[in-house]
Amino acid sequence: MVDEAKNRIRSAKRDRNEFDFVWVVFDKDGHLNLPKAFSDARTYSSTIHIAFTAICFEYFILLHFERTTSPFRRCDDLIKRLKSHISDYEKAVNLYSVLKDRIDHGIENSEWGYNQAKPQLDSGRMPYELSSFSNVHQLVRFLHGL
């Protein structure tokens, strides 16, 4: 995704329609080149922001219902817990109607979890090295501010 963002930034620059920044959104679930993706985003000349969740995106969804930094070993374990809140949860289904009244709660809990992880991040750990992490609230706050 970071490579695609870089390609689109270059293309927009050639077309004289430059971006001020780009957001890429992804999770840890099954991705092999996370260190490279984070490094490339950080060192690219244009600003690439990453909205990331570990272990999978469902962690951010779970944060709409509970405040947790529980270490999930697999996404399936997290989804099992999420189903205690959304019994018919399925991946890749539009959850807007389920989450819209809980978005402030989700943002607050994601920010809380981020602050719990901050000492580890400040000591040099990367988000993909953590057992639970989300900074998706940063993107959501940005979008709400538009």
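Refer to the structure above for everything that follows.
Residues numbered from 1 in each chain as written. Predicted model: local features only at pLDDT ≥ 70, side-chain atom pairs only at ≥ 80, totals over all residues. Heavy atoms only, no water.

For the rest of this paragraph, the subject is the side chain of lysine 6. Turning to its location among the elements, lysine 6 is positioned in helix α1 (residues 2–14). By relative accessible area, lysine 6 is classed as buried at 15%. Those residues in contact with lysine 6 that lie beyond four places of it in its chain are Asp40, Tyr44 and Ile48. (Helix = DSSP H or I, 4+ residues; strand = E, 2+ residues; numbered from the N terminus. Buried < 20%, exposed > 50% of the residue type's maximum accessible area, 1.4 Å probe, protein only. Contact = heavy atoms within 4.5 Å.)

For the structure shown, the criterion picks out 1 disulfide. Paired through a disulfide, cysteine 56 and cysteine 75 show a sulfur-sulfur distance of 2.2 Å. Here the S-S torsion is close to 85 degrees, and the disulfide linking cysteine 56 with cysteine 75 is therefore right-handed. Of this pair, cysteine 56 sits in the loop between β2 (48–54) and α3 (58–62) while cysteine 75 is found in helix α4 (residues 75–82), placing the two residues 19 residues apart along the sequence. (Disulfide = S-S within 2.5 Å.)

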